[in-house]
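Working through the structure, step by step
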Amino acid sequence: MTIMVTGGAGYIGSHVCVELMRAGHSIVIFDNFCNSHREAVNRIGVIAGVSPTVIDGDVRDRGLLASTLANYRCSAVIHLAGLKSIAESVSDPIRYYDNNVYGTLGLVQAMRDTGVHKLVFSSSATVYGAPVYLPLREDHPLAPCNPYGRTKLMIEQMLGDLAASDGSLKIAILRYFNPAGAHESGLIGEDPRGTPNNVMPFLAQVAIGRRPHLTIFGKDYDTPDGTGVRDYLHVTDLAVGHLRALDALERQDRIKVNLGTGRGTSVLDLVEAFSAACGKHIPVVFAPRREGDVASSYASCDLAQQILGWRATRDLKAMCRDAWKWQSSNPQGYGDPRSSS
Ligand code: NAD
Ligand code: UDP
């Protein structure tokens with residue numbers, strides 16, 4: 001089966017590509033590299049032993065999408081292309097609605113034009129907003145509190161309308177919790193541009209000496225140690241979840257599931273685990289809460305287990321070990337002079 005992976009050069013997409021290729025699928029990466037590096041594609045090829053096909057394109061280019069789907073006879077799309085910074089979505093919402101919502105509209109039109117019926121979409125736990133109860137089940141009320149989250153919810157709703165109107169469509173919506181870690185080879189991983197927004201890449205950059213300390217946002221939350229609690233999930237487990245979703249679409253037309261571990265980890269727990277993994281002290285500085293953050297968020301994983309037969313198997317120690325392997329072998333990420341050697 002040939003699968004188009006939009007956003008396949010990005011952090012999660014590169015891991016998804018590796019797992020798809022390992023499972024024997026052919027892939028076509030469709031990416032405009034607005035937040036990724038071409039070197040990631042080379043590394044995917046090194047891990048998989050075969051170079052993936054890459055189309056340098058924007059998902060808002062419906063014609064190019066359609067011709068790519070047709071030329072490579074793709075039978076499914078895994079759609080990860082999108083912008084993901086909450087802060088940027090607040091300052092520049094048009095860019096987010098254009099890229100994420102309009103981009104997905106173009107994709108589903110191209111799929112319709114070329115008779116491709118299977119879609120796996122990257123959604124986010126952000127669609128739930130502030131938890132009314134924990135763990136978050138898929139039927140929890142949806143109330144995203146920023147433009148990024150609203151683009152994800154709008155896309156979910158659009159896909160729901162499409163599925164209701166066309167019985168031949170098979171759509172899986174995956175709500176990711178907090179992806180973390182890297183491929184165990186250390187060849188691919190998360191390489192954010194500028195200052196990382198997320199805690200794990202920030203920690204890794206402190207450990208390698210690129211930043212002096214981690215700023216912890218809030219120490220007065222109603223959590224065991226006062227710092228924010230999240231459901232961190234190994235990016236390889238997450239990638240495998242996409243394969244299980246593709247399989248499950250053979251049995252079921254509509255899927256909407258959380259991908260998480262069901263375990264909550266505080267920022268201080270994470271700092272301790274990362275420090276053990278890298279063998280270094282990680283300096284931290286406490287600061288006020290970050291606007292829009294919730295105290296705790298973690299997934300109910302029952303539905304993923306039931307529908308996909310999937311559950312996360314890698315623990316926090318593995319996430320920190322692999323994130324550190326990636327960061328320590330690529331101190332400057334893919335831009336490291338050693339990257340292309
Ligand atoms: P990423 O930025 O590393 O990867 C996204 C990829 O999409 C990049 O390679 C980028 O160049 C590409 N892209 C963006 N806009 C495009 C466009 N218009 N046309 C073609 N390519 C485009 O991000 P990621 O962390 O790998 O996230 C992948 C998906 O998962 C995103 O949709 C994101 O919203 C979603 N998600 C991520 C997280 C997370 O914490 N990383 C959590 C929940 C959901
Ligand atoms: N966090 C932090 N310092 C940082 C980045 C994040 O203390 O530099 C905290 C944040 O307040 C939250 C947790 O780490 O409690 C996870 O944040 P992240 O941005 O990684 O994920 P999200 O908030 O999107 O779940």
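Let me begin by describing the structure that accompanies this report. (Residues numbered from 1 in each chain as written. Chains lettered and ligands numbered in written order. Predicted model: local features only at pLDDT ≥ 70, side-chain atom pairs only at ≥ 80, totals over all residues. Heavy atoms only, no water.)

**A few points about the overall build of the chain**
Secondary structure assignment for the chain yields eleven helices and 13 strands. For the chain, whose C-alpha radius of gyration is 19 Å, the value lies close to the compact-globule estimate of 20 Å for 341 residues. Taken along its principal axes, the extent of the C-alpha atoms in the chain is 55 × 50 × 40 Å. When burial is assessed residue by residue, the chain has 55% of its 341 residues classed as buried. Summarising the internal contacts of the chain: among those between residues at least 6 apart in sequence, 79% fall at separations of at least 24. Summed over its atoms, the accessible surface of the chain is roughly 14400 Å², and 50% of this surface lies on carbon and sulfur atoms. If you average the places of the 34 positive and of the 34 negative side-chain charges in the chain, the two averages end up 3 Å apart. (Helix = DSSP H or I, 4+ residues; strand = E, 2+ residues; numbered from the N terminus. Rg over C-alpha atoms; globule rule 2.2 N^0.38 Å. Buried < 20%, exposed > 50% of the residue type's maximum accessible area, 1.4 Å probe, protein only. Contact = heavy atoms within 4.5 Å. Areas by Shrake-Rupley, 256 points an atom, 1.4 Å probe, with all protein chains shown as cover. Lys, Arg positive; Asp, Glu negative; His and termini not counted. Charge placed at Lys NZ, Arg CZ, Asp CG, Glu CD.)

**A closer look at the site of ligand 2**
Around ligand 2, a shell composed of 14 residues is seen, among which Val-199, Thr-215, Arg-230, Arg-290 and Asp-293 lie nearest. Contacts to ligand 2 include Asn-198, whose side-chain N or O atom sits 3.3 Å from an oxygen atom. Within the side chain of Arg-230, one N or O atom sits 2.8 Å away from an oxygen atom of ligand 2. Protein contact buries 89% of the 520 Å² of open area that ligand 2 shows by itself. (Near = heavy atom within 4 Å. Polar contact = N/O pair within 3.5 Å; in protein donor to acceptor, adjacent residues only side chain to side chain.)

**Side note on the site of ligand 1**
Not every one of the 28 residues close to ligand 1 is listed here, only the nearest: Asp-31, Asn-35, Ser-36, Lys-84 and Tyr-148. Within the contact set of ligand 1, an oxygen atom lies 3.0 Å away from a backbone nitrogen or oxygen of Cys-34. If ligand 1 stood free it would expose 820 Å²; the protein chains cover 96% of that surface. Contributions of two or more residues to the shell around ligand 1 are made by helix H1 (11–22), strand E5 (118–124) and helix H6 (147–165). Looking at the shell around ligand 1, the element that brings in the most residues is E5, giving three residues. The class makeup of the residues in the shell around ligand 1 is twelve nonpolar, eleven polar and five charged. (Nonpolar A, V, L, I, M, F, W, Y, C, P; charged D, E, K, R; others polar.)

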